[in-house]
Amino acid sequence: GDAAGDGKGNPGAAGPGAVPAGSQDAPSVRLWSDYLNVHLHPKSVYVIRQYLHDGDCGCLEAFGQGESLLQDPACVEELEDRLHFYVEECDYLQGFQVLCDLHNGFSGIGAKVTELLHDEYSRKGILTWGLTPVLSTVGWLDFFSPQDPQTSFYRLMNTALGIAHLSRHSSLFCPLSLSGSLGIK
């Protein structure tokens, strides 16, 4: 493959100063996905505008914030439309795989999504992967280093609520982490 190239077979270096794939001019990078060389179908991406890097609400850090996003009927309708688009493309739908962060507000979104899938497709399997980051005290991994007690408490509560809610509506729930602590110290 051409994972670090320009998408045309030319090798390149993807990194903090690299120009996003398909861009000819100066980079206008806003999200990690601007560097994504794989072109995703527009119906497979749903941007939560309130929680963009420059959004109104800051970061999505609590289970309840994520859960409340899917209380909005317009959001649920948009999600259902996108889901039905792909379900109708299937010849024989066997089930769903859900990958969801446990340590932040995406655990709340994942809980509501698995609940929706369970309610609408109760006879289909739902395999849910609960993802947690590696926490480190090593300097080069500062992004996921332990933080203040409030952040640690949020991570613990999000992870506990995520595991409880995701496992309730999944056929199989599997926590997945590179550390033995599920991202909790």
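Note that the structure is predicted; figures quoted are calculated from it, not measured.

**Student:** Could you clarify how one ought to interpret the side chain of Ser107 in this entry?
**Tutor:** Examined against the element boundaries, Ser107 turns out to sit in helix α3 (residues 106-120). Apart from the residues within four sequence positions on either side, Ser107 is in contact with Phe63, Cys100, Asp101, Leu102, Asn158 and Gly162.

**Student:** Is there a simple way to explain helix α2 (residues 73-89) in this structure?
**Tutor:** Residue pairs three or four apart in sequence face the same way in an α-helix, which turns once every 3.6 residues. In this model, α2 (17 residues) spans 24 Å end to end at C-alpha, consistent with the 24 Å of a helix rising 1.5 Å per residue. Residues of α2 that are buried include every one of Cys75, Arg82, Leu83 and Val87, and no others. For α2, the arc enclosing every buried residue in end-on projection is 135°, short of the 170-degree limit, so these residues lie on one face. For α2, exposure combined with an orientation more than 90 degrees from the buried face picks out Pro73, Glu88 and Glu89. Those residues of α2 that are buried lie in contact with α1 (63-69), β1 (95-101) and α3.

**Student:** Help me understand the packing of α2 against α3 in this model?
**Tutor:** Geometry of a packed helix pair, given as the angle between the helix axes and the separation of the axes. The geometry of α2 relative to α3 is characterised by a closest axis approach of 12 Å and an angle of 60° between their N-to-C directions. What the angle tells us is that α2 and α3 run oblique. Our pair here, α2 against α3, has a crossing hand that is right-handed. Between α2 and α3, the contacting residues are Val76, Leu79, Glu80, Leu83 and His84 on the first element and Val113, Leu116, Leu117 and Glu120 on the second.

**Student:** Could you clarify how one ought to interpret the sheet that holds strand β2 (residues 125-131) in this entry?
**Tutor:** Hydrogen bonds along the backbone pair up the strands of a sheet, which may run parallel or antiparallel. The parallel open sheet is built from 3 strands, whose spatial order is β1-β2-β3. In this open sheet, the two strands that pair with only one neighbour each are β1 and β3 (172-176). This sheet shows a mean twist of 15° between the axes of neighbouring strands, independent of strand direction. Relative to β3, β2 is paired through 5 bridges, and the arrangement is parallel. Residue pairing across strands places Leu127 opposite Leu172, the latter belonging to β3.

Definitions and limits used
- Residues numbered from 1 in each chain as written.
- Predicted model: local features only at pLDDT ≥ 70, side-chain atom pairs only at ≥ 80, totals over all residues.
- Heavy atoms only, no water.
- Helix = DSSP H or I, 4+ residues; strand = E, 2+ residues; numbered from the N terminus.
- Contact = heavy atoms within 4.5 Å.
- Expected span 1.5 Å × (residues − 1).
- Buried < 20%, exposed > 50% of the residue type's maximum accessible area, 1.4 Å probe, protein only.
- Arc of directions from axis to C-beta.
- Axes fitted to C-alpha atoms, helices over the stretch in contact; angles between N-to-C directions.
- Parallel < 35°, antiparallel > 145°, perpendicular 65-115°, else oblique.
- Left-handed = near helix turned anticlockwise from the far one by under 90°.
- Pairing = 2+ DSSP bridges.

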